[in-house]
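Chains, contacts and geometry: an overview
If you want the building blocks of each chain, they are given just below.
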Amino acid sequence: MSPLVIVARKELVDGCRDRRAVLSLLVFPLVGPVLVSTLLSTLVERATVERTVTLPVLGMAHAPALVAHLEAEGIVVVEGPSSPVDVVRSGASEAVLVVGADYPAALREGRRARLQLVVDESREGARPAQLKIRRALANYGRTVGALRLLSRGVSPELAEGIVTEEVDLATPEARGAVLLNFVPMFALMAAVFGGMHLASDLTAGERERGSLEPLLFTPVSRRALVLGKWLAALAFAASNVVLTLGCTAFAMSRVPLERFGMAARLSVGDVLLMLGVLLPLAMFTSALQLLVASFARTVKEAQVSLSLLTFAPMLPALFLSFEPLRPTPLVAMIPVLGQQSLLGGLLRGEVAEPSVYFACAASCIAFGALALLVTARLFASERVVYGR
Amino acid sequence: MIEASALRKRFGDVLAVADVSFTAADGAVTGILGPNGAGKSTALRMLGGLVVPDAGCARIDGIDPRVAPSAARARIGILPDARGLYVRLTARENVRYFGELCGLHGPALERHIDELFRWLELAPLADRRVDGFSQGERMKVAIARAVVHAPQNVVLDEPTNGLDVMSIRSLRTFVRELGARGHAVLFSSHVMSEVATLCDRVVIVAAGRVVANGTPEELRTRAGCDSLEDAFVALTTEPVSDVATELEA
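Residues numbered from 1 in each chain as written. Chains lettered and ligands numbered in written order. Predicted model: local features only at pLDDT ≥ 70, side-chain atom pairs only at ≥ 80, totals over all residues. Heavy atoms only, no water.

Considerations on the overall build of chain B
Helix and strand counts for chain B come out as ten helices and nine strands. A compact globule built from 249 residues should have a C-alpha radius of gyration of about 18 Å, and chain B, at 19 Å, falls within 12% of that. Within the span of chain B, comprising 249 residues, buried residues form 51% of the whole. Considering only contacts in chain B between residues 6 or more positions apart, those separated by 24 or more positions represent 66%. Only carbon and sulfur atoms are counted for the fraction: they give 51% of the accessible area of chain B, which is about 10600 Å². Seen as two clouds, the 28 positive and the 32 negative side-chain charges of chain B have centres 7 Å apart. (Helix = DSSP H or I, 4+ residues; strand = E, 2+ residues; numbered from the N terminus. Rg over C-alpha atoms; globule rule 2.2 N^0.38 Å. Buried < 20%, exposed > 50% of the residue type's maximum accessible area, 1.4 Å probe, protein only. Contact = heavy atoms within 4.5 Å. Areas by Shrake-Rupley, 256 points an atom, 1.4 Å probe, with all protein chains shown as cover. Lys, Arg positive; Asp, Glu negative; His and termini not counted. Charge placed at Lys NZ, Arg CZ, Asp CG, Glu CD.)

In structure tokens:
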């Protein structure tokens, strides 16, 4: 058996017996998908509620035209209860509209017709529904006013000094899309964090426990030693990515995303493509982590350096989860950033040019190979005995 | 055979090893005796090729570890000062890993491990994780690991450190037998009685230099002391004792 395989196998057996390593491997992939699917489900629910606002109207018979207008604006109008105050106070309805008996006459005679909207301002959850009702009522009032002016030969525009068009970006759709950008974030984190514990344990940990020196006295080649350790760290990172993607795909299949007008499901092809994007990243990150941890004397020291190292690429990634960047070959060649933009695009249903995917993978593999080469060089020097 | 000739190593301002030469012959137990910080560990690291000497050279059966590190390491088994085990692995798995790294495998390796464990009285613990092992048991596993490839040359850096009397006894038997089987054994220690009873030759190192080299008997005679312990003190603190002699005169 090749020494590389012997080293990798031993490190994997050792790693799998490390309860903390295994626990983090199993728990981490669940966190992201659970969080995202819970948030998305809540948003979907809210969006659904907003769309079907039900308004009880007391005295519906007095205002058939108003009822027709409200229904045209998407409000479900039902016959109101006899005691609107109780209904609103108890929270059974967001609002109740009361149409007085004098309403038709006032409207006919061109006076201001009075309506009463019973609401409870202190109920935060009722706000969106109230807003919708108020807008619909104001619109109706404006229409009636405009018709009155027209019938007197006056342009309704005279009565309106200004017109403000609202462009509301905080639609549930947009919010959902922002959340969806967290999905690649979690898969990325799996690639970055998955092998970190092992990478520091296999180098700084080995030195700290005093087993590195005996290992170095064996005839095994330094290159095989480094590659074997890297393979073990990579195996942890890769299985973390696979588990995270699997859990994400499953979680997303449970959220009714089609209501947001998004690609509702992650197809098997999408998941495989994401895997293809993330595995080269895992190769790079575990190689770099191995290199950085090789300079540390203790696991603690290694973890401090590694968390600093990990945070650097996470910042642009965090930023990108709100502000997607278009994947150009140049962007794709920057580790983490490239994967983030490619995965984000994938979720929005945009598949980039094959050359972009290639650039992304190639740069990660090249950087990873460089890190491994430097690590092997370090392991061949006497510095490795003492650390730093 | 282990040969060190005029080894020298400097770390920054510290001259760890100034001039160390000795030979550990086949079929003999050679003791390296020296106070803490005398440069023993650095010298042993140079034998295994982990540290490159600034001057001089080491040879393992005639092979320079700088020129052919793998070939040299295949011929030497070193128990260094750092002797950590993989606590999540069993004793057998620890030793097997190193055996496989030395190119051994299969039933031959398992038989060899069984034999080593019997020899070191580890057989009942073979398949338990070393997590709960006592210091003596851990030391034995570390020794088994160091000699799993049956190297011609064996270097043991203070193998009796922190062991109880019974473990020390069985260890001595093991070392003596290694010598009797024709291996070159280099045994570092700062316990005089051990070196006196165990070693055929003794090399005394102080402040990075070899200050004496001979059989225990020769050293006693040379220092003019009855016990090797007194000889050690006299030889490693020579300049001071010279002054003392002059003052007396």
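Here's the deal with the overall build of chain A
Within chain A one finds 17 helices and four strands. Burial statistics for chain A: of 388 residues in total, 46% are counted as buried. Considering only intrachain contacts with a sequence separation of at least 6, the fraction spanning at least 24 residues in chain A is 73%.

Some details on the interface of chain A and chain B
One widely used convention gives an interface's size as the accessible area the parts lose upon coming together. Residue-level contacts link 27 residues of chain A with 28 residues of chain B. The largest share of the area that chain A buries against chain B comes from Arg-17, Phe-217 and Pro-219 of chain A, three residues that together contribute 27% of it. Put simply, chain A and chain B have seven salt bridges between them. In this structure, the connection of chain A to chain B is made through 13 residue pairs in polar contact (both at pLDDT 80 or more). (Buried area = accessible area lost by both parts, 1.4 Å probe. Salt bridge = Lys/Arg side-chain N within 4 Å of Asp/Glu carboxyl O. Polar contact = N/O pair within 3.5 Å; in protein donor to acceptor, adjacent residues only side chain to side chain.)

Regarding empty space enclosed by the protein
Residues and elements named next belong to chain B. Counted according to the given criterion, the structure contains five cavities of 30 Å³ or more. Its volume calculated, the largest cavity comes out at about 100 Å³. Every element with two or more residues in the lining of the largest cavity is listed here: strand S5 (76–79) and helix H5 (135–146). Looking at which element gives the most residues to the lining of the largest cavity, the answer is S5, with four residues. Its residues placed into classes, the lining of the largest cavity shows eleven nonpolar, three polar and one charged. (1 Å grid on protein atoms, 1.4 Å probe; cavity = no way out; pocket = protein on both sides within 12 Å on 5 of 7 lines; lining within 4 Å. Points joined across faces, edges and corners; volume = space filled by probe spheres on them. Nonpolar A, V, L, I, M, F, W, Y, C, P; charged D, E, K, R; others polar.)

Quick look at the environment of Leu-125 of chain B
Looking at the secondary structure, you find Leu-125 of chain B in the loop between helix H4 (106–119) and H5. Once the C-alpha coordinates of Leu-125 of chain B and Thr-90 of chain B are considered, the two residues, 35 residues apart in sequence, prove to be 8.5 Å apart.

Topic: the pattern of salt bridges
Counted under the stated rule, the structure contains 25 salt bridges over all chains. Two residues, Asp-18 of chain A and Arg-88 of chain B, come together in a salt bridge whose shortest N-O distance is 3.7 Å. Placement of Asp-18 of chain A in the loop between helix H1 (3–16) and helix H2 (19–51) and of Arg-88 of chain B in the loop between S5 and helix H3 (91–101) is noted, with the two residues assigned to different chains. Overall, Asp-18 of chain A belongs to the buried group, its relative accessible area being 9%. Judged by relative accessible area, Arg-88 of chain B falls into the buried class, the value being 18%.

A word on the nonpolar core
Leu-278 and Leu-281 of chain A together with Ile-2, Phe-22, Leu-47 and Leu-186 of chain B are the most contacted members of the largest nonpolar core, which totals 126 residues. For this core, the element with the most residues is helix H12 (residues 268–294) of chain A, which contributes eleven residues. In this structure Phe-22 of chain B touches Ile-2, Glu-3, Ala-4, Ile-32, Leu-47, Leu-186, Val-203 and Asn-213 of chain B, once residues within four positions along its chain are discounted. Formed by 19 residues, the second largest nonpolar core is a distinct cluster that contains Ala-63, Val-77, Ala-136 and Leu-137 of chain A. (Core = buried A, V, L, I, M, F, W, Y, C linked by side-chain atoms within 4.5 Å.)

Here we look at the confidence of the model for chain B
The predicted structure's coordinates, where accompanied by low pLDDT, should not be read in detail. Residue and element names in this part refer to chain B. For chain B, per-residue confidence averages 88 on the pLDDT scale, and 95% of positions sit at 70 or higher. For chain B, helix H10 (residues 238–248) is the element with the lowest average pLDDT, namely 46, and H3 is the one with the highest, namely 96. Predicted confidence is poor over residues 240–249, with pLDDT under 50, and the contacts of this stretch with residues over four places away or in other chains come to one contact. Interface confidence for the predicted complex, expressed as ipTM, amounts to 0.91; the pTM equals 0.78. (pLDDT = per-residue confidence, 0-100.)

Observations concerning the environment of Gly-59 of chain A
Turning to its location among the elements, Gly-59 of chain A is positioned in the loop between strand S1 (53–58) and helix H3 (64–72). A sequence separation of 319 residues divides Gly-59 of chain A from Leu-378 of chain A, and the C-alpha atoms of the two residues are 86 Å apart.

Points about helix H9 (residues 196–208) of chain A
An α-helix turns once per 3.6 residues; consequently, residues spaced three or four apart project the same way. Residues and elements named next belong to chain A. Taking 1.5 Å per residue as the helical rise, H9 with its 13 residues ought to reach 18 Å, and the 17 Å between its terminal C-alpha atoms agrees with that figure. The largest bend in H9 amounts to roughly 40° and is located at Leu-202. Counting buried positions over the 13 residues of H9 gives eleven, a clear majority of the element. Phi for Gly-210, located one or two positions after H9, is positive at around 80°. (Expected span 1.5 Å × (residues − 1). Bend = angle between axes of the 7 residues up to and from the residue.)

Some details on the sheet that holds strand S3 (residues 95–99) of chain A
Residue and element names in this part refer to chain A. Read from one edge to the other, the open sheet built from four strands follows the order S2-S1-S3-S4, with strand pairing classed as mixed. Both edges of this open sheet fall to strand S2 (75–79) and strand S4 (115–119), since each of them pairs with a single strand only. Recorded for the sheet is a direction-independent mean angle of 30° between the axes of neighbouring strands. Here S3 pairs with S4 via five bridges, running antiparallel. Across the sheet, residue Val-99 finds its bridge partner in S4, namely Leu-115. H3 contacts S1, S2, S3 and S4 of the sheet and is inclined by roughly 140° relative to S2. (Pairing = 2+ DSSP bridges. Axes fitted to C-alpha atoms, helices over the stretch in contact; angles between N-to-C directions.)

Structural notes on H4 of chain B
Residue and element names in this part refer to chain B. For H4, spanning 14 residues, the distance from its first C-alpha to its last is 20 Å, which sits close to the expected 20 Å at 1.5 Å a residue. Where H4 is concerned, the buried positions are Leu-109, His-112, Ile-113, Leu-116 and Phe-117. The arc that holds the buried residues of H4, viewed along the axis, is 135°, so those residues lie on one side. Away from the buried face of H4 by more than 90 degrees, exposed residues Pro-107, Arg-111 and Arg-118 are located. As for H4, its buried residues are in contact with H3 and H5. (Arc of directions from axis to C-beta.)

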